[in-house]
Amino acid sequence: MDETTLPLTELLATDLDDGFTELVRTQAGTVRSVLLRLSGSARDADDLGQETFLRAYSALRDYPPERRGQLQPRAWLLTIAANVWRNHVRTLSRRPGVADGIEVTAIEVPDGAPGPEQLALDGARRARLVAALSALPDHHRLPVVLRHIGELSYQEVAGILDCPVGTVKAQVSRGLAALRAEPGLAADRATYGAAAAAAGGTTAKTTHEPGRKERKEATG
């Protein structure tokens, strides 16, 4: 943005369509990364991401300008994304014989122009990460992904999951412990650390407190 461009929340409050365009531009990557780690499928992540933004736009149209200006955009969107994913999982559970659809090549890891050998190692690491994350129960996988991929604070994750912060910390800790117990991640853990291995090289940074009311009403 240049100096004359309004902040995202102010833009959402004053011009919904332009604000929503900026919301998609700035947050689509994070939403897709979270959905990719949760679903393990690039196709599902794209479909679920589209549904997330459709729901977001529908909710924003019903919000008065003052409320749109008070949103915490990332936490609010990831609340919607988490609920979209959970609905997707429930739908799949009612379809016998549906495969997991995990696409190892769809999971990105940071690179620095690696050569063929490094690419092979990265591919193997992606495979181990996807398998390990997919093996976690949902109540551990979702907090780990929101914390380390979505880069949300524990308070924000607690708001999304509607549970105490201490519960979220315990769930994340147990999820990471389960990942540490995976033999296939041992080499990655030695190189990157447990949290970085779980996050694919991402660390949590966000510290602000979200507004629970807006996120709950948006996600139904």
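Rules behind the numbers
- Residues numbered from 1 in each chain as written.
- Predicted model: local features only at pLDDT ≥ 70, side-chain atom pairs only at ≥ 80, totals over all residues.
- Heavy atoms only, no water.
- Phe/Tyr/Trp six-rings, centres within 6.5 Å; stacked < 30°, edge-to-face > 60°.
- Helix = DSSP H or I, 4+ residues; strand = E, 2+ residues; numbered from the N terminus.
- Expected span 1.5 Å × (residues − 1).
- Buried < 20%, exposed > 50% of the residue type's maximum accessible area, 1.4 Å probe, protein only.
- Arc of directions from axis to C-beta.
- Polar contact = N/O pair within 3.5 Å; in protein donor to acceptor, adjacent residues only side chain to side chain.
- Axes fitted to C-alpha atoms, helices over the stretch in contact; angles between N-to-C directions.
- Parallel < 35°, antiparallel > 145°, perpendicular 65-115°, else oblique.
- Left-handed = near helix turned anticlockwise from the far one by under 90°.
- Contact = heavy atoms within 4.5 Å.
- Nonpolar A, V, L, I, M, F, W, Y, C, P; charged D, E, K, R; others polar.
- Salt bridge = Lys/Arg side-chain N within 4 Å of Asp/Glu carboxyl O.

Peer 1: Tell me about the packing of aromatic side chains, and please be specific about residues and values.
Peer 2: This structure, assessed with the given rule, holds three aromatic pairs. Where Phe20 meets Tyr57, the ring centres are 4.9 Å apart and the plane angle is 65 degrees; that geometry is what we call edge-to-face. With Phe20 in helix α2 (residues 16-39) and Tyr57 in helix α3 (residues 42-62), the pair connects residues that are 37 residues apart, well separated along the chain. Residues Tyr63 and Trp76 carry aromatic rings whose centres are separated by 6.1 Å and whose planes lie at 55 degrees to one another, so their mutual orientation is tilted.

Peer 1: Account for α3, naming residues and giving values.
Peer 2: For the α-helix, the turn length of 3.6 residues means that residues three or four positions removed from each other point alike. Spanning 21 residues, α3 covers 31 Å between terminal C-alpha atoms, matching the ideal 30 Å at 1.5 Å per step. Residues of α3 that are buried include every one of Ala42, Asp44, Ala45, Leu48, Gly49, Thr52, Phe53, Ala56, Ala59 and Leu60, and no others. Down the axis, α3 shows its buried residues gathered within 160 degrees of arc, on one side only. Counted as exposed and oriented over 90 degrees from the buried face of α3: Arg43, Gln50, Leu54, Arg61 and Asp62. The opening residue of α3, the one whose side-chain oxygen lies 3.4 Å from the backbone nitrogen of Arg43, is Ser41.

Peer 1: Account for the packing of α2 against helix α7 (residues 138-148), naming residues and giving values.
Peer 2: The N-to-C vectors of α2 and α7 enclose an angle of 155 degrees; their axes lie 10 Å apart at closest approach. Relative to α7, the element α2 is oriented roughly antiparallel. Crossing geometry of α2 relative to α7 is assigned as right-handed. Contact residues: Val34, Arg37 and Leu38 in α2; Arg141, Leu142, Val145 and Leu146 in α7. Classifying every residue of the contact of α2 with α7 by side-chain character gives five nonpolar, no polar and two charged.

Peer 1: How would you summarise the pattern of salt bridges if you had to cite specific residues and measurements?
Peer 2: Counting across every chain of the model gives five salt bridges. Residues Glu22 and Arg25 are paired through a salt bridge, measuring 2.6 Å at the closest nitrogen-oxygen approach. With Glu22 and Arg25 both in helix α2 and three residues apart, the pair spans about one turn of that helix. The partner of Glu151 in a salt bridge is Arg74, with the nearest N and O atoms 3.5 Å apart. Of this pair, Glu151 sits in the loop between α7 and α8 (154-161) while Arg74 is found in helix α5 (residues 73-93), placing the two residues 77 residues apart along the sequence.

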